[in-house]
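# What the coordinates show
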Amino acid sequence: ENLDFSASEMTKALADALFEGLSSNPSLTHLSINVSHSMASDQAYIIGKALAASKNLRTVAMVIGNDWDETWASALEQGLTAETQLRGVILTICGTMSQTTLQALIHLFKNKSLVSLSIFLAGDMHDSVASAINEGLTTADYLESFQLVIFGNLSDG
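An account of the accompanying structure is given in this report. (Residues numbered from 1 in each chain as written. Predicted model: local features only at pLDDT ≥ 70, side-chain atom pairs only at ≥ 80, totals over all residues. Heavy atoms only, no water.)

### Some words on the overall build of the chain
Put simply, the rule reads: Numbering goes from the N terminus for both helices and strands, where a helix is a DSSP run of H or I of at least four residues and a strand is a run of E of at least two. Every radius of gyration here is taken over C-alpha atoms, with the globule rule written as 2.2 Å times N^0.38, N being the number of residues. Note on classification: 1.4 Å probe, protein chains only; a residue is buried when its accessible area is under 20% of the maximum for its type, exposed when over 50%, partly exposed between these limits. Note on definitions: a residue-residue contact is assigned when non-hydrogen atoms from the two residues lie within 4.5 Å. Every accessible area reported is derived by Shrake-Rupley at a probe size of 1.4 Å, with residue values counting cover from the shown protein chains alone.
A count of helices and strands for the chain gives 5 helices and 8 strands. If you list the helices and strands of the chain from N to C, you get β-α-β-α-β-α-β-α-β-β-α-β-β. For 157 residues, the compact-globule estimate of 2.2 N^0.38 gives 15 Å, and the C-alpha radius of gyration of the chain, at 15 Å, lies within 12% of that figure. Dimensions of the chain, computed from the C-alpha atoms along their principal axes, are close to 45 × 30 × 20 Å. Expressed as a percentage of its 157 residues, the buried residues of the chain come to 43%. Considering only contacts within the chain whose residues lie at least 6 apart along the sequence, 86% involve residues at least 24 apart. When the accessible surface of the chain is totalled, it reaches about 7,400 Å², and 51% of it is carbon and sulfur.

This is the structure in structure tokens:
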């Protein structure tokens, strides 16, 4: 039922194995992914595709290392914003976010199956992140639980 996946770097072989595990295990309901470095766009695509294809996942926890970039945004966008049966998402985000990644975060709020969303920011909360979360929350009236934890300062930018 539970899979905890952790790697310092995402390789194609690991992404393929994760995809295979998610798509061939109908009893898997909880997934935790912790990758400390960025990944290539084709690997992010595989991860996103695996998340979107897994119809039984109910909770996904992702720890996104210091390289929060467009590839992670792609995986998040494709896998967590799709019309899935996800009930809960827990995101731990380290580092800064580009405009593309902020848009992916906003789109996460549009997954109407979500009832619980937790975001942990390991670093400063910039105005752009606060605005993205505010925009997402204005459309997420179906959320029963929202948690935002900031391990840093509120700052401009």
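Once you've had a look at it, read on.
### Re the side chain of Ser113
Quick note on the threshold: Counted as a polar contact is a pair of N or O atoms within 3.5 Å, where, for protein atoms, one must be capable of donating a hydrogen and the other of accepting one, and residues adjacent in sequence contribute only when both atoms are in side chains.
Counting through the fold element by element, Ser113 comes out in the loop between helix 4 (99-108) and strand 5 (116-122). A polar atom in the side chain of Ser113 sits 2.6 Å from the backbone oxygen of Leu86. The contact partners of Ser113, leaving out residues within four places of it in the chain, are Thr84, Gln85, Leu86 and Arg87.

### Some remarks on the nonpolar core
We count it as follows: By nonpolar core we mean a set of buried residues, namely Ala, Val, Leu, Ile, Met, Phe, Trp, Tyr and Cys, connected to one another through side-chain atoms within 4.5 Å.
Counting 46 residues, the largest nonpolar core has Ile47, Leu80, Leu91 and Leu108 as its most contacted members. Each residue touching Ile47, except ones within four places of it in the same chain, is listed here: Met10, Ala15, Leu18, Ile33, Met39 and Ala75.

### Points about helix 5 (residues 127-138)
Our working definition: A helix is expected to span 1.5 Å multiplied by its residue count minus one. What the arc covers is the set of directions going from the helix axis to the C-beta atoms.
Given a rise of 1.5 Å per residue, 12 residues ought to cover 16 Å, and the 16 Å separating the end C-alpha atoms of helix 5 matches this to within 8%. Those residues of helix 5 that sit buried are Val129, Ala132, Ile133 and Gly136. The buried side chains of helix 5 occupy one side of the element, clustering within an arc of 95 degrees when seen end-on. Among the structural elements, helix 4, strand 5, strand 6 (125-126) and strand 7 (145-150) are those in contact with the buried residues of helix 5.

### Points about the packing of aromatic side chains
Basically, it comes down to this: Working definition: a ring pair exists when centres of Phe, Tyr or Trp rings (six-membered ring for Trp) sit within 6.5 Å. Plane angles under 30 degrees give stacked, over 60 give edge-to-face, the rest tilted.
As enumerated under the stated definition, the model contains 1 aromatic pair in all. Ring geometry for Phe109 and Phe146: centres 5.9 Å apart, planes at 45 degrees, overall tilted. Of this pair, Phe109 sits in the loop between helix 4 and strand 5 while Phe146 sits in strand 7, and the two are 37 residues apart along the sequence. Looking at Phe109, the relative accessible area reads 1%, which means it is buried. On the accessibility criterion, Phe146 (29% relative accessible area) is partly exposed.

### Notes on empty space enclosed by the protein
Applicable threshold: In the cavity and pocket records, a cavity denotes points on a 1 Å grid over the protein atoms alone where a 1.4 Å probe fits but cannot get out, a pocket denotes an open set with protein on both sides within 12 Å along at least 5 of 7 lines, and lining residues are residues with an atom within 4 Å of a point. Grid points are joined across faces, edges and corners, and a volume is the space filled by probe spheres set on the points. Note on residue classes: Ala, Val, Leu, Ile, Met, Phe, Trp, Tyr, Cys and Pro are nonpolar, Asp, Glu, Lys and Arg are charged, and everything else, Gly too, is polar.
All told, the structure shown has 1 cavity of 30 Å³ or more when counted by the stated rule. For the largest cavity, the calculated volume is near 50 Å³. Lining the largest cavity are Ile93, Gly95, Thr96, Met97, Leu121, Ala122, Gly123, Asp124, His126 and Val129. Taken together, the residues of the lining of the largest cavity sort by class into 5 nonpolar, 4 polar and 1 charged.

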